[in-house]
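Letter by letter, the chains look like this.
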Amino acid sequence: LLQVFTHSGGDFMEFEDYLNMMSVLSPSASALAKARWAFKVYDTQNKHILDRDDIAKVIQDITTSEGDTEDKLNNEELRVIVDNVLKEVDLSGDGYITYEEFVQMASASQEFVDSFKIILN
């Protein structure tokens, strides 16, 4: 998140960057704003697409706790999930998810919008 939300790309977040991040992660942020920033979070290599490796990394990150190797997906399970994600989101069938495809999927998914937020109590 730090790399995505810092405008300088540095190792620290300025207050303006923090406010920007919190506004995107707020429950009232638009689906488009959330999708735009989520794509940047998932596009770790800044290729402007999400390929099989990017999708697999996201799946592994959200299904495995740090240090938890017992519940880690095996290669076949991971491949099946990545295939299903591409089948659902890769509208052009070119083997990766473009920014436009991601935004279309994320903006249409209330579950995505509801989960991409931080609630402060």
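Bear in mind the structure is a predicted one, so any value in this text is a computation, not a measurement.

J.: Got a minute to help me understand helix H2 (residues 15-24) in this structure?
T.: Note that an α-helix has 3.6 residues per turn; residues three or four places apart therefore point the same way. Listing the buried residues of H2 in full gives Asp 17, Met 21, Met 22 and Val 24. All buried residues of H2 lie within an arc of 160 degrees about the axis, which places them on one face of the element. With respect to the buried face of H2, the exposed residues turned more than 90 degrees away are Phe 15 and Glu 16.

J.: Mind showing me how you'd approach the packing of aromatic side chains here?
T.: Aromatic ring pairs: the centre-centre distance and the angle between the two ring planes describe each pair. All told, the structure shown has 5 aromatic pairs when counted by the stated rule. Measuring from ring centre to ring centre gives 6.4 Å for Phe 15 and Tyr 18, while their planes differ by 25 degrees; the resulting arrangement is stacked. Of this pair, Phe 15 and Tyr 18 are both found in helix H2, 3 residues apart, which corresponds to roughly one turn of the helix. Its relative accessible area of 36% is what places Tyr 18 among the partly exposed residues. Between Phe 102 and Phe 112 the ring centres are 6.1 Å apart and the planes differ by 85 degrees, which places this aromatic pair in the edge-to-face class. Of this pair, Phe 102 sits in helix H6 (residues 99-108) while Phe 112 sits in helix H7 (residues 110-115); the two residues are 10 residues apart in sequence, bridging distant segments of the chain. Each member of the pair, Phe 102 as well as Phe 112, is classed as buried. Among the aromatic residues, those joined into a ring-pair cluster are Phe 39, Tyr 42, Tyr 99, Phe 102 and Phe 112.

J.: Looking at this structure, how should I read unusual backbone geometry?
T.: Most peptide bonds adopt trans geometry, and most residues besides glycine take a negative phi value. Here the phi dihedral of Asn 46 falls at roughly 55 degrees; this positive angle occurs in a residue that is not glycine. Tracing the sequence through the fold places Asn 46 in the loop between helix H3 (31-42) and strand E1 (49-50). Under the relative-accessibility criterion, Asn 46 is labelled exposed at 54%. Here His 48, not a glycine, exhibits a phi torsion of approximately 70 degrees, which is positive. By the element assignment, His 48 lies in the loop between H3 and E1.

J.: Please clarify how the pattern of salt bridges should be interpreted in this entry.
T.: Where charged atoms from two side chains of opposite charge come close, those side chains can pair. Within this structure, the stated rule accounts for 6 salt bridges. Of the charged contacts in the structure, one is a salt bridge between Asp 61 and Lys 57, with a shortest N-O distance of 2.9 Å. One end of the pair, Asp 61, and the other, Lys 57, are both in helix H4 (residues 52-63), 4 residues apart, so they sit about a helical turn from each other. Residue classification places Asp 61 among the partly exposed residues on the basis of a relative accessible area of 47%. For Lys 57, a relative accessible area of 37% translates into the label partly exposed. When the shortest N-O distance is used, the salt bridge between Glu 76 and Arg 79 registers 2.6 Å. Taken together, the residues Glu 76 and Arg 79, both in helix H5 (residues 75-89) and 3 residues apart, mark about one turn of the helix. Several salt bridges converge on common partners, so that one network encompasses Arg 52, Glu 76, Arg 79 and Asp 83.

J.: Just checking my understanding: could you explain the layout of surface pockets for this structure?
T.: Empty space among the atoms can be located by rolling a probe the size of a water molecule over them. Empty space within the largest pocket amounts to approximately 600 Å³. What lines the largest pocket is a set of 21 residues, and nearest its centre among them are Tyr 42, Val 58, Ile 62, Phe 102 and Met 105. For the lining of the largest pocket, the element with the highest residue contribution is H4, accounting for 7 residues. The residue makeup of the lining of the largest pocket, split by class, is 14 nonpolar, 3 polar and 4 charged.

Definitions and limits used
- Residues numbered from 1 in each chain as written.
- Predicted model: local features only at pLDDT ≥ 70, side-chain atom pairs only at ≥ 80, totals over all residues.
- Heavy atoms only, no water.
- Buried < 20%, exposed > 50% of the residue type's maximum accessible area, 1.4 Å probe, protein only.
- Helix = DSSP H or I, 4+ residues; strand = E, 2+ residues; numbered from the N terminus.
- Arc of directions from axis to C-beta.
- Phe/Tyr/Trp six-rings, centres within 6.5 Å; stacked < 30°, edge-to-face > 60°.
- Salt bridge = Lys/Arg side-chain N within 4 Å of Asp/Glu carboxyl O.
- 1 Å grid on protein atoms, 1.4 Å probe; cavity = no way out; pocket = protein on both sides within 12 Å on 5 of 7 lines; lining within 4 Å.
- Points joined across faces, edges and corners; volume = space filled by probe spheres on them.
- Nonpolar A, V, L, I, M, F, W, Y, C, P; charged D, E, K, R; others polar.

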